[in-house]
Amino acid sequence: MSSSNDTLARLAEVIESRRGGDPDKSYVARLFHKGNDAILKKIGEEATETVMAAKDGDPKKIVYEVADLWFHSMLALAAYGLKPADVLAELERREGLSGLEEFAARKLQQREGEGS
Ligand SMILES: N=c1c2ncn([C@@H]3O[C@H](COP(=O)(O)OP(=O)(O)OP(=O)(O)O)[C@@H](O)[C@H]3O)c2ncn1[C@@H]1O[C@H](COP(=O)(O)O)[C@@H](O)[C@H]1O
């Protein structure tokens with residue numbers, strides 16, 4: 001099995017290759033053709049479907065819906081000129097950084113900003 005980075009990078013290349021393609025022959029080309037709002041709407045739908053699958057507690061459904069959500073998020077990244085590597089780099093930057101500590105640091109920064 002290839003690494004997850006490879007899978008995402010390969011999918012990003014396929015997505016890019018569909019730009020300007022025939023909307024009757026490619027789902028990706030069709031969504032690009034419809035525009036960014038259509039892509040963002042799909043993300044909203046897939047996020048809702050993910051929540052519903054999780055509430056049902058069916059592991060297969062959860063994986064299926066999260067795959068749909070990731071795929072449509074990849075379309076949004078492409079639409080805004082970004083790549084999965086950008087998101088992976090951000091996740092790597094956060095590695096080892098406690099979410100609670102990061103939250104506290106951000107709040108402190110905000111308070112200092114308001115005080116100046
Ligand atoms: N990974 C995916 C992928 N995941 C989901 N989908 C499509 O995303 C759509 C999901 O939408 P929904 O579940 O909401 O169902 P729907 O078809 O919109 O129907 P409704 O429920 O809205 O009535 C389906 O049509 C899926 O087939 C995907 N379409 C394409 N890919 C990848 O993109 C590549 C290029 O695809 P094409 O552009 O179609 O060649 C493929 O080879 C795949 O690797």
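Details of the structure are given in the entry above.
Values in this document were obtained by computation on a predicted structure and should not be read as measured data.

K.L.:
Would you mind showing me how to read the pattern of salt bridges here?
P.N.:
Any two side chains of opposite charge can pair, given that their charged atoms come close. A complete count under the given rule lists nine salt bridges for this structure. Glu 45 is the partner of Lys 41 in a salt bridge, and the nearest nitrogen-oxygen pair spans 3.6 Å. Linking Lys 41 with Glu 45, this pair stays in helix H3 (residues 36–56), spanning four residues, or about one helical turn. With a relative accessible area of 30%, Glu 45 lands in the partly exposed category.

K.L.:
Is there a simple way to think about the site of the ligand in this case?
P.N.:
In the region of the ligand, the neighbouring residues are Leu 11, Val 14, Arg 18, Ser 26, Tyr 27, Val 28, Lys 42, Glu 46, Asp 68, Phe 71 and His 72. One nitrogen or oxygen atom from the side chain of Ser 26 is found 2.5 Å from an oxygen atom belonging to the ligand. Between the ligand and Glu 46, the relevant distance is 3.4 Å, taken from an oxygen atom to a side-chain nitrogen or oxygen of the residue. For the ligand, whose accessible area on its own is 830 Å², the fraction buried by protein is 49%. Those elements that place two or more of their residues in the shell around the ligand are helix H1 (4–17), helix H2 (27–34), H3 and helix H4 (59–79). The leading source of residues in the shell around the ligand is H4, at three residues. Considering only residue class, the shell around the ligand consists of five nonpolar, two polar and four charged.

K.L.:
Explain the packing of aromatic side chains to me, please; I cannot follow it from the model alone.
P.N.:
The geometry of two aromatic rings is summed up by the distance between their centres and the angle between their planes. Overall, the coordinates contain one aromatic pair when judged by the stated rule. The aromatic ring of Phe 32 is capped on one face by Arg 19, whose charged end is 4.7 Å from the ring centroid.

Parameters at a glance
- Residues numbered from 1 in each chain as written.
- Predicted model: local features only at pLDDT ≥ 70, side-chain atom pairs only at ≥ 80, totals over all residues.
- Heavy atoms only, no water.
- Salt bridge = Lys/Arg side-chain N within 4 Å of Asp/Glu carboxyl O.
- Helix = DSSP H or I, 4+ residues; strand = E, 2+ residues; numbered from the N terminus.
- Buried < 20%, exposed > 50% of the residue type's maximum accessible area, 1.4 Å probe, protein only.
- Near = heavy atom within 4 Å.
- Polar contact = N/O pair within 3.5 Å; in protein donor to acceptor, adjacent residues only side chain to side chain.
- Areas by Shrake-Rupley, 256 points an atom, 1.4 Å probe, with all protein chains shown as cover.
- Nonpolar A, V, L, I, M, F, W, Y, C, P; charged D, E, K, R; others polar.
- Phe/Tyr/Trp six-rings, centres within 6.5 Å; stacked < 30°, edge-to-face > 60°.
- Lys NZ or Arg CZ within 6 Å of the ring centre and 35° of its normal.

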